Protein chains: 6
Amino acid sequence: MSDPFFTPVSGFDLPRFAGVPTFMRLPHVDFDHPRFSDVQVGLIGAPWDGGTTNRPGPRHGPRQLRDMSTMIRAQNGATGVRPFEALNCADLGDVAPNPADVMDSLKRMEAFYASVHAAGIRPLTGGGDHLCTLPILRALAKDGPVGMVHFDSHTDLFHSYFDGTMYTHGTPFRRAVEEGLLDPKRVVMIGIRGTAYDNEDRDFADSVGIRVIPIEEFHARGVDDVMVEAREIAGQGATYVSYDIDFVDPAFAPGTGTPEVGGPNSFQALQVVRALQGLNIIGADLVEVSPPFDPSGATAYLGASIMFELLCVMAR
Amino acid sequence: MSDPFFTPVSGFDLPRFAGVPTFMRLPHVDFDHPRFSDVQVGLIGAPWDGGTTNRPGPRHGPRQLRDMSTMIRAQNGATGVRPFEALNCADLGDVAPNPADVMDSLKRMEAFYASVHAAGIRPLTGGGDHLCTLPILRALAKDGPVGMVHFDSHTDLFHSYFDGTMYTHGTPFRRAVEEGLLDPKRVVMIGIRGTAYDNEDRDFADSVGIRVIPIEEFHARGVDDVMVEAREIAGQGATYVSYDIDFVDPAFAPGTGTPEVGGPNSFQALQVVRALQGLNIIGADLVEVSPPFDPSGATAYLGASIMFELLCVMAR
Amino acid sequence: MSDPFFTPVSGFDLPRFAGVPTFMRLPHVDFDHPRFSDVQVGLIGAPWDGGTTNRPGPRHGPRQLRDMSTMIRAQNGATGVRPFEALNCADLGDVAPNPADVMDSLKRMEAFYASVHAAGIRPLTGGGDHLCTLPILRALAKDGPVGMVHFDSHTDLFHSYFDGTMYTHGTPFRRAVEEGLLDPKRVVMIGIRGTAYDNEDRDFADSVGIRVIPIEEFHARGVDDVMVEAREIAGQGATYVSYDIDFVDPAFAPGTGTPEVGGPNSFQALQVVRALQGLNIIGADLVEVSPPFDPSGATAYLGASIMFELLCVMAR
Amino acid sequence: MSDPFFTPVSGFDLPRFAGVPTFMRLPHVDFDHPRFSDVQVGLIGAPWDGGTTNRPGPRHGPRQLRDMSTMIRAQNGATGVRPFEALNCADLGDVAPNPADVMDSLKRMEAFYASVHAAGIRPLTGGGDHLCTLPILRALAKDGPVGMVHFDSHTDLFHSYFDGTMYTHGTPFRRAVEEGLLDPKRVVMIGIRGTAYDNEDRDFADSVGIRVIPIEEFHARGVDDVMVEAREIAGQGATYVSYDIDFVDPAFAPGTGTPEVGGPNSFQALQVVRALQGLNIIGADLVEVSPPFDPSGATAYLGASIMFELLCVMAR
Amino acid sequence: MSDPFFTPVSGFDLPRFAGVPTFMRLPHVDFDHPRFSDVQVGLIGAPWDGGTTNRPGPRHGPRQLRDMSTMIRAQNGATGVRPFEALNCADLGDVAPNPADVMDSLKRMEAFYASVHAAGIRPLTGGGDHLCTLPILRALAKDGPVGMVHFDSHTDLFHSYFDGTMYTHGTPFRRAVEEGLLDPKRVVMIGIRGTAYDNEDRDFADSVGIRVIPIEEFHARGVDDVMVEAREIAGQGATYVSYDIDFVDPAFAPGTGTPEVGGPNSFQALQVVRALQGLNIIGADLVEVSPPFDPSGATAYLGASIMFELLCVMAR
Amino acid sequence: MSDPFFTPVSGFDLPRFAGVPTFMRLPHVDFDHPRFSDVQVGLIGAPWDGGTTNRPGPRHGPRQLRDMSTMIRAQNGATGVRPFEALNCADLGDVAPNPADVMDSLKRMEAFYASVHAAGIRPLTGGGDHLCTLPILRALAKDGPVGMVHFDSHTDLFHSYFDGTMYTHGTPFRRAVEEGLLDPKRVVMIGIRGTAYDNEDRDFADSVGIRVIPIEEFHARGVDDVMVEAREIAGQGATYVSYDIDFVDPAFAPGTGTPEVGGPNSFQALQVVRALQGLNIIGADLVEVSPPFDPSGATAYLGASIMFELLCVMAR
């Protein structure tokens, strides 16, 4: 049933620590590969942190995510889904940013994702700082605004930093709303917490109709109840899923640049994704994995596990 | 409304990784600074571990707490409190212990805190091993015994170590009760756990009326219920808050010398402080952060987050 | 009441970081020691990872477990049990495997444990990869199949790896059932999770009557309810307890070779052992501690804490 | 003779791990401080890595340099120089870059150093990636090109990266020559090594008369002989010293983003600075310390030791 | 002149931290790839440590070597050689060992290298423990014994371990001499040091005519003199180069399982390879890189630098 | 010839990572062991850092030294000496200090070493901060002052710290000279370097006739020449050897509290000990190994290698 070309190498054949590390041991298929047109979901690295205002590192995220993702097996232990049989998945390699030029990088990333989108491939990105989601949305929302389920400890809805710097990892969704890429009424942000500069981002969210669920509410209501609401907000329209690894508590995901204590544990980190089942997911990302802050790779392993869960809900 | 001098530098002006690191980017105000008399809450480092009987390191705690505290922003995300506008806060620098002489150090620390207290400044200390709380209490409880809310995995109520050594980080509260610094009926110890030598400390607590809430009871009852009782015990009298970072589970706070597994998570670590709202807090500390056991600074970041929550309940 | 020879050194006499590190500071008693015949529970290291198909390291587990176990005190803080007074416990040293020969190692380990068993000593092992449990069971189950309570994120019930390799850390319990060492109807496996190759192991469990409790069920039902069932399954017959440290979530136990996210926290990790009270435990192990993946020793400290809890339920 | 205000705190008074960490425990004097006009050498942090094309991290360099520099005492053990008595030294704080905008950052840094230069203060900078030397030179070489002694494993003389990006940490000295800030005949680059893209940078050096001393020649001739030539090249004119920590072998300085193996050891790292005695040094920097690649701080400690040696040759 | 297909991706086009990591950013060409027959030097990973008697980890070596090798550029800075233009180089992927079966692994590795050899490709291997050199020699020395230049701190000439275990990483060259794969008169072992069991290995070397140059002699004579002799011993016949990373001092190469202090520095580590110029090298390896003992990757970076030097002497 | 009881376990029998770790796998013989009177050299741990004025950690040194020393084999590779056959060596365990009381600890340590000395056993100590050498000398120099060869980056000759604290790790040899334990004319201190407070220690050395060889002289003259002089100074009288691991450059020995850059490499670290051959060594120590600053154990491995060299010169 499944195409042997798109089947990951099994750990029973080649040990899981061996081999050139691609995402989940999938074939590496670049744009001029003969099987490119057969890909349905493309796993893509966005090695990028030019939008980072605090502690850099996410440019190294894709490589460590690939490395740790070779420990992922073929079947979801909780749901039984076997995504690599349901969909033709491939590693499309990394988009090439320009580490010393933010605006040039945004153009390069948008162009890459536009090609992916044009080929009918749904992207599943491993980032990279959160600014990378802006060019992805520019590529995917060409035909109209999309909904978004956003897991994060920050809203990333700020207007600007440092006297007018408009493009940082704290501003992508402000830009996306301004540019008409997101339908704010179909956007939900879950897990928001930590100290704040002020209420500017939350006021903006309120003014456009974005639903923000802070962590206190998340812990009080529980995963199931929160996710019922999240699915209702996203509805049946085209929906993007953006997952910042700092949504998870830093004990479980230390490898990130702007951690906020008091977050969900790793079981909840998976549960919230499983609860997306049934949405119309046009693409997803897992961003802000920063290897310098977690040389052990534990954060990337959790990140790869979340990417696998995302793939499973995209597969059904 | 707030005094510009006492306003921390914003991360929107100067990136949060930049600048000489003071506690929460507050001004450094030492005893002979012209604005010293205007300070209401003084953040103080106690770089000290001469009382440590097991694994040393807390002498490095204040520096790492300062470093990580520069990631704290101006507003409490959960409660909305903006403590730096409500109170004049400043970094008073470090008390100078004598690392090779315990008794001399106790004198030096008491004298420092007596000066702070005399100036009408409430101290918020970043330690340091737990023995530092004894000279702080000697300075603050000059006019009579105070109550205490104590978060810890150990009671620190032992009589002595090594054939008669009376001053270690396992004995400060035994001494404080003996010296009349604490009113044991107004003392509650929360989170006690781990293997024990024997029942000596618990028997002493019972004999003087200190309430000990072991971790099993904490997990069974939940934060809200436990903290109602804690507030009742402390009452409306002058109350000191002493928070040993090993109260928190070592997965969330590995950087400490005597960890005990099975503790609260980081969300609960913040919740218990928020629940102190309304008490009459005359001073507080966050102790036993030991950087050698957590070079990443994650423990210190949690510690700084707890210090911010302490400041917020002192501010309202 | 207790034999002074079998009393661990107290941290009040010799600091806990000092001394040649034996398990829990117990006397080192090898086979030809004059007190060998008086030992009731023998703590044994199995420095072994020749069965590891993925990331090695558990051969270093026993040494780090010994090191961290010197922080364990005499009394269980939660239950009050003082196991070293209830039982004569000793460190029997390490079984000597052959790191370059799996089959030779299995023989060496079986012979060692057969001697321990013949002396009437119940073994409490610190491993080591999970394949070491097979030779232990061969030694202990000579007179008939035993029951088993198994904490793990994997079933370790696979038939073979790499085209017919029958002895790996993924196969010990398949072999044990085939060899009649385990009574599958009296075996319960708790905490199973993570991505799967396929259903082969679970199908085998079903076919022989092993009860598998996946982590989703564990989290939904809670520790108490699950452990009531576990005790019923094990019953009153001779029961072995095998505890793979990867049962615990990797945030709490990063030092292991095949982590799976979404597991229990450290409090639950202790609770499940305390709930074994009343079973007829003929031996136990704590395996798969891999120091290269956690140089800090935090995993080993949790492991030593679990071994102490195992000792306490063996003592009552 | 020396001004008490400008005397660092002694470790005999306050332990060296204590206190708010400024460079070498000097007073923190910002632009509006009353003693600013008395400063002769200003130690400045440049928390910057926006020009980094490979592995980021130097933005965190100044803080770790300050931290480790508190271990520096008052007197040079080899030469007997006591720089803090010879010169009024102070920590001027950090220049504030804009982490998400390279061109804005260059302007901010130039303005900061222009103010320092205008006040007659010689700057000693702790970086930061090597692009920061360009705005420093723009500020210092306003009146004409200066000479430079440059320790590095790379020439940093490339024309551009990524299809025309002109401002990266691989291009500052190409720009500086083009802008007339450096007199190439008075520039010597020492320690160059590692794999190369091609000969473009070396050809440019040859074309303008920059002397490049590769590491093979350095090791063959020895420190003394090489430094005689270096002093001759720099001559008696105004000279800037730029020291990239990757000049030193990565075993001694692992904390840097673009290490090249085969470099000098730490004794040679100090010797080359001592050999600058007698030059007319108008400013100096120690750049590319990247804490994420050396959490232990060993690299920063070497960097602080080099900064102290630079200060000593500026003092005589 | 050079074939674009075999040209590594430049860091000027795609940042060096980006992309799926192959050895030196070369194309990944497996056995059934259309360009396989055009490969002249094949870079191969041997993810293997089944022969390790002490501390495991080299099975992870190839992946970390690939990761760090992406920092290698196109041209040798010291010699000017551009190996990727001189030879068609490709990453052939990893040979698949069986981590739980030594003998099976030896067969699998020999078969893999036999295919490589049959295709006329010279192998350059990144290991892996040193036992992997035995199956490589079995494949390459089919037509008669070859010479060998061997850099190491150990002779690896032992007869057996643990009562007769013949295949470990301490025995490969004893086996290779016994099997007629090596011409002992054309074998030189350089850098031998550390504590010894006894003289068995050295006596064997003497008895068959292998020249052993201990580290004391190496340091006393210097690289140049030693390498003149080494070239004379190897002569003009087919010669294999085997480079154990523990040849280098552990300060420069901490990531290895059996370090011995007192070794060469990293500059000498490169010099000895450059001095092989002119030999008839039929294959080479760099083995015993053990990432668990150096998570920073510094050892692997040195290892990749050595592999590049090996490639350069194979290219001329 | 050698006594089997005193023979370390071979790595050919039991893998070197296995077993309860004693120094060099020697038998653990405490004071009441039946073979105590047969011991000739006693390896002793001094788990102590109460005299540390800067960064603590050496209290953990002995355990890590024991751990890493299990990699030491039976024979000196450079000199051929087999010390365990020449002398009856044993691990005497740890002296028990009182971590919270300096003066009590000095008494405890002196008493322990007095017992060892009285039994005719020469002590070889693994420390521990350098203050531990004072009580050792008090025990060994009861009958008159002894000579000393001292390898260190500091003289440890200061009068006092912190307004009169006389017993710290910076003062032991000042006290030892004052107490008549050392004959200053027969004392040589090698490797002194780093920044200095002032000349007080060097002036004292000059005034009493201690020969100080700074690192610049050491590097200029070379090991052989320096050690000829050192042997002449020590002469044929009773001589103690005290080796502070910070003598070695921190790239080779990062795990220490007061590192000074620019020191000897690891080969020289061994050479200087081998050059002590022929002296009348009554005891020796290797101190200041601080595991928190080197979790990898590399420093302790070098330390254990140095202890083995010390043992070899004591054996001949």
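Residues numbered from 1 in each chain as written. Chains lettered and ligands numbered in written order. Predicted model: local features only at pLDDT ≥ 70, side-chain atom pairs only at ≥ 80, totals over all residues. Heavy atoms only, no water.

Trainee: Residue-level account of the relation of the copies chain C and chain B, with values.
Mentor: Turning chain C through 120° and shifting it by 0.0 Å along the axis lays it on chain B, with an RMSD of 0.0 Å. Considering both components of the superposition, the chain copies are consistent with a three-fold axis. When C-alpha distances to the rotation axis are compared across chain C, the minimum falls at Ala251(C), with a value of 3.4 Å. (Least-squares fit on C-alpha atoms with pLDDT ≥ 70 in both.)

Trainee: Could you give an account of unusual backbone geometry, naming the residues involved and the relevant values?
Mentor: Residues Gly127(C) and Gly128(C) are joined by a peptide bond in cis, for which omega reads 5°. Assignment of secondary structure puts Gly128(C) in the loop between β3 (122–127) and α4 (133–140). The phi torsion at Glu288(B) lies on the positive side, around 70°, for a residue other than glycine. Looking at where Glu288(B) falls in the secondary structure, it is placed in the loop between β8 (280–287) and α10 (298–315). (Helix = DSSP H or I, 4+ residues; strand = E, 2+ residues; numbered from the N terminus.)

Trainee: Would you mind going over the arrangement of the chains in detail, with residue names and values included?
Mentor: With respect to C-alpha atoms, chain C approaches chain D no nearer than 14 Å, and the pair has no contact. Between chain B and chain E there is no contact, and the shortest C-alpha to C-alpha distance separating them is 14 Å. (Contact = heavy atoms within 4.5 Å.)

Trainee: Give a description of helix α4 (residues 133–140) of chain E that names residues and reports values.
Mentor: Among the eight residues in α4(E), eight count as buried, and that is most of the element. Looking at α4(E), one finds that the buried residues are Thr133(E), Leu134(E), Pro135(E), Ile136(E), Leu137(E), Arg138(E), Ala139(E) and Leu140(E). (Buried < 20%, exposed > 50% of the residue type's maximum accessible area, 1.4 Å probe, protein only.)

Trainee: Describe helix α6 (residues 200–208) of chain A, with residues and values.
Mentor: Residue and element names in this part refer to chain A. Where α6 is concerned, the buried positions are Asp201, Phe204, Ala205 and Val208. Taken around the axis of α6, the buried residues stretch over an arc of 100°, which confines them to a single face. Facing away from the buried side of α6, by more than 90 degrees, are the exposed residues Asp206 and Ser207. Taken together, the buried residues of α6 touch α5 (172–178), β5 (182–192) and β6 (211–214). A positive phi of about 95° marks glycine 209, the residue just after α6. (Arc of directions from axis to C-beta.)

Trainee: Mind laying out the sheet that holds strand β4 (residues 146–151) of chain B, listing which residues take part and the relevant values?
Mentor: All names here are of chain B. In space, the eight strands of this open sheet follow the order β2-β1-β3-β8-β7-β4-β5-β6, with parallel pairing throughout. Here the strands that pair on one side only, and so sit at the sheet edges, are β2 (89–94) and β6 (211–214). Each adjacent strand pair in this sheet contributes to an overall mean axis angle of 15°, direction not counted. As defined by bridge partners, strand β3 (residues 122–127) adjoins β8 across three bridges and the pair is classed as parallel. Note on β8: the bridge partner recorded for glycine 126 is leucine 286. Helix-sheet contacts for helix α1 (residues 61–69) involve β1 (41–46), β2, β3 and β8, and the interaxial angle to β3 is about 105°. Relative to the sheet, helix α8 (residues 223–234) contacts β4, β5 (182–192), β6 and β7 (238–244), its axis offset from that of β5 by approximately 160°. (Pairing = 2+ DSSP bridges. Axes fitted to C-alpha atoms, helices over the stretch in contact; angles between N-to-C directions.)

Trainee: Could you give an account of the interface of chain C and chain B, naming the residues involved and the relevant values?
Mentor: By a widespread convention, an interface's size corresponds to the accessible area lost as its parts come together. Between chain C and chain B, the contact holds 26 residues from the first and 27 residues from the second. Summed over the three residues of chain C that lose the most area to chain B, namely Phe12(C), Arg73(C) and Phe267(C), the buried surface amounts to 35% of that side. Run the count over chain C and chain B and you get two salt bridges. In this structure, Arg274(C) engages Glu216(B) in a salt bridge whose closest nitrogen and oxygen atoms are separated by 3.7 Å. Applying the counting criterion to the chain C and chain B interface returns 13 residue pairs in polar contact (both at pLDDT 80 or more). Of all the elements in the fold, those that place two or more residues in the side of chain C that touches chain B are α9 (266–274) and α10 (298–315) of chain C. Across the side of chain C that touches chain B, the residue classes tally to 15 nonpolar, six polar and five charged. (Buried area = accessible area lost by both parts, 1.4 Å probe. Salt bridge = Lys/Arg side-chain N within 4 Å of Asp/Glu carboxyl O. Polar contact = N/O pair within 3.5 Å; in protein donor to acceptor, adjacent residues only side chain to side chain. Nonpolar A, V, L, I, M, F, W, Y, C, P; charged D, E, K, R; others polar.)

Trainee: Residue-level account of the relation of the copies chain C and chain A, with values.
Mentor: A rotation about some axis, followed by a shift along it, carries one copy of the chain onto the other. Of the two same-sequence chains, chain C is brought onto chain A (RMSD 0.0 Å, axial shift 0.0 Å) by a rotation of 120°. A share of only 7% of the interface residues of chain C reappears at the interface of chain A, consistent with the copies meeting through non-equivalent patches.

Trainee: So, the UniProt feature "binding site: Mn(2+)" (unreviewed entry) in chain A: which residues are in play, and what are the values?
Mentor: Sites flagged by UniProt as "binding site: Mn(2+)" (unreviewed entry) map to His130(A), Asp152(A), His154(A), Asp156(A), Asp244(A) and Asp246(A). Spatially, the listed residues are clustered: although they cover 117 residues, their C-alpha atoms lie within 12.1 Å of one another. The topology assignment puts His154(A) in the loop between β4 (146–151) and α5. Taking relative accessible area as the criterion, His154(A) reaches 15% and is therefore assigned buried. Excluding residues that lie within four positions of it along the chain, His154(A) makes contacts with Ile192(A), Asp246(A), Thr258(A), Glu260(A) and Arg73(B). (UniProt positions renumbered as here; feature names shortened; annotations may be inferred.)

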